[in-house]
Amino acid sequence: MSTRVGQAATGRGEPPQPSVPERARELLRSGLGLIGPRHARHSVSVDQLDALALPIGDDGVVIGMDAEGRPAVLGLNRPTPYDIVLIGGLWTVQVLALRAAATGARVAVETGRPQAWIQMVHAMGGGQNGLAVYDVGRVPPQGTSAGTPVLVVRDCGMRPPRGRVVSGPWQSVLTLLPYLSPVAPRLVRQARLVGVQRISPDEATELGRTMALPRPEVEALPGLSDGLTLWCSDRDRQYVMTQPTDAETGLLGMPRRMD
């Protein structure tokens, strides 16, 4: 014989159990807390299950809006190594770092211009809340795991040295290049994802050869507006406009290509 949930049940030789109201009064008298509201259980029939759906989208950091006005999401926290190169401005990288930290990732910044990051460090609690800044070549092992993913940002100028801390499971590396440089082709070929902001026509032509970009993309690169990035992977290319939130504008200002 079965009993309904919430109904007291007694067995042979067992003392009777108090009803729900009696149990609530006992808890209140003992000071152990309140009993939550009791409502009828919600249920659906088997035939109705197919009508249920959850709006689950991509998992990652929202980096802006695509050409159709949909959120563009960058999956930074991965169980496999992931290298990203951005040929662009510091503003975009700092927005990505803020948003990555907001999703729970720790951000380690390797930079030769720590003064450009100090305002972010102060705004995020002095390095105790997800963002730390290190000199070039001084990034320690981060101790990553699925529960503590890390984004390493390399802001090391036109010729970044080979990093001591490389991408690995749950540790992505984002390298910022302000312009095309002699090391750019090597970094671009090694990267899983490349972002390109406004560059000169000569740089666009050279990068087009390196990345096998179609001619319309090459011709568009010198005229990209501030905040607009062409993101390229092996199988996809997508323009994304990064619009700051009010908090990001207050901290970093409006989108800009030049620093």
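Rules and cut-offs
Residues numbered from 1 in each chain as written. Predicted model: local features only at pLDDT ≥ 70, side-chain atom pairs only at ≥ 80, totals over all residues. Heavy atoms only, no water. Helix = DSSP H or I, 4+ residues; strand = E, 2+ residues; numbered from the N terminus. Buried < 20%, exposed > 50% of the residue type's maximum accessible area, 1.4 Å probe, protein only. Contact = heavy atoms within 4.5 Å. Phe/Tyr/Trp six-rings, centres within 6.5 Å; stacked < 30°, edge-to-face > 60°. Lys NZ or Arg CZ within 6 Å of the ring centre and 35° of its normal. Lys, Arg positive; Asp, Glu negative; His and termini not counted. Salt bridge = Lys/Arg side-chain N within 4 Å of Asp/Glu carboxyl O. Patch = residues over 30% accessible without salt bridge, like charges linked within 9 Å, V, L, I, M, F, W, Y side chains within 5 Å. Areas by Shrake-Rupley, 256 points an atom, 1.4 Å probe, with all protein chains shown as cover. Pairing = 2+ DSSP bridges. Arc of directions from axis to C-beta.

1. Let's talk about the overall build of the chain
For step 1, the next point in the chain: In terms of helices and strands, the chain carries seven helices and 10 strands.
For step 2, the next point in the chain: Relative to its 259 residues, the chain shows a buried fraction of 39%.
For step 3, the next point in the chain: Contacts spanning at least 24 positions in sequence make up 60% of the contacts within the chain whose residues lie at least 6 apart.

2. Section: the packing of aromatic side chains
For step 1, the next point in the chain: For the structure on display, the rule yields zero aromatic pairs.
For step 2, the next point in the chain: The lysine or arginine in question, R78, covers the ring of Y82, its NZ or CZ lying 3.8 Å from the ring centre.

3. A closer look at the environment of L221
For step 1, the next point in the chain: As for its position among the elements, L221 is in the loop between α6 (215–220) and β9 (228–232).
For step 2, the next point in the chain: Between the alpha carbons of L221 and P201 there is a distance of 7.6 Å; along the sequence they are 20 residues apart.
For step 3, the next point in the chain: With sequence-adjacent residues up to four places away left out, L221 is seen in contact with V196, Q197, R198, I199, A204, L213 and L230.

4. As for the side chain of E203
For step 1, the next point in the chain: Assignment of secondary structure puts E203 in helix α5 (residues 201–211).
For step 2, the next point in the chain: Buried charge without a partner: E203 forms no salt bridge, and the closest opposite charge is R257, 5.8 Å away.
For step 3, the next point in the chain: The contact partners of E203, leaving out residues within four places of it in the chain, are Y179 and L180.

5. Thoughts on a nonpolar patch on the surface
For step 1, the next point in the chain: A cluster of nonpolar side chains, namely M158, Y179 and M258, defines an oily patch on the protein surface of about 270 Å² accessible area.
For step 2, the next point in the chain: By secondary structure assignment, the location of Y179 is in the loop between β7 (171–177) and α4 (184–190).
For step 3, the next point in the chain: Assessed through its relative accessible area of 33%, Y179 is described here as partly exposed.

6. Looking at unusual backbone geometry
For step 1, the next point in the chain: Phi is positive for W170, which is not a glycine, with a value near 65°.
For step 2, the next point in the chain: Mapped onto the secondary structure, W170 falls in the loop between β6 (150–155) and β7.
For step 3, the next point in the chain: Of note, the phi angle at A212 is positive, near 55°, even though the residue is not glycine.
For step 4, the next point in the chain: Mapped onto the fold, A212 is located in the loop between α5 and α6.

7. What to know about the pattern of salt bridges
Pairing is possible between side chains of opposite charge, provided their charged atoms come close.
For step 1, the next point in the chain: Under the counting rule described, the total for this entry stands at nine salt bridges.
For step 2, the next point in the chain: The partner of D259 in a salt bridge is R113, with the nearest N and O atoms 3.9 Å apart. Here D259 is found in the segment after α7 (246–252), whereas its partner R113 is found in the loop between β4 (106–111) and α3 (118–123), with 146 residues between them in sequence.
For step 3, the next point in the chain: Several salt bridges converge on common partners, so that one network encompasses D66, E68 and R70.

8. Focus on the environment of V166
For step 1, the next point in the chain: Position of V166 relative to the elements: it lies in the loop between β6 and β7.
For step 2, the next point in the chain: Look past the residues within four positions of V166 in its chain and what remains in contact with it is Q171 and V173.

9. Some words on the pairing of strand β2 (residues 71–74)
For step 1, the next point in the chain: Of the two faces of β2, the one lined by A72 and L74 is fully buried and the one lined by P71 and V73 carries no buried residue.
For step 2, the next point in the chain: Looking at chain direction, strand β1 (residues 61–65) and β2 are connected through four bridges and run antiparallel. Counterpart to V61 in the pairing with β2 is L74.

10. Focus: α5
For step 1, the next point in the chain: Among the residues making up α5, those that are buried are E203, A204, L207, G208 and M211. Along the long axis of α5, the arc covered by the buried residues comes to 135°, so they all point the same way. Summarising the geometry of α5, the exposed residues directed more than 90 degrees from the buried face are D202 and R209.
For step 2, the next point in the chain: Looking at the packing, one finds that the buried side of α5 touches β3 (82–87), α4, β8 (193–196), α6 and β9.

Shape descriptors only; they carry no functional weight alone.
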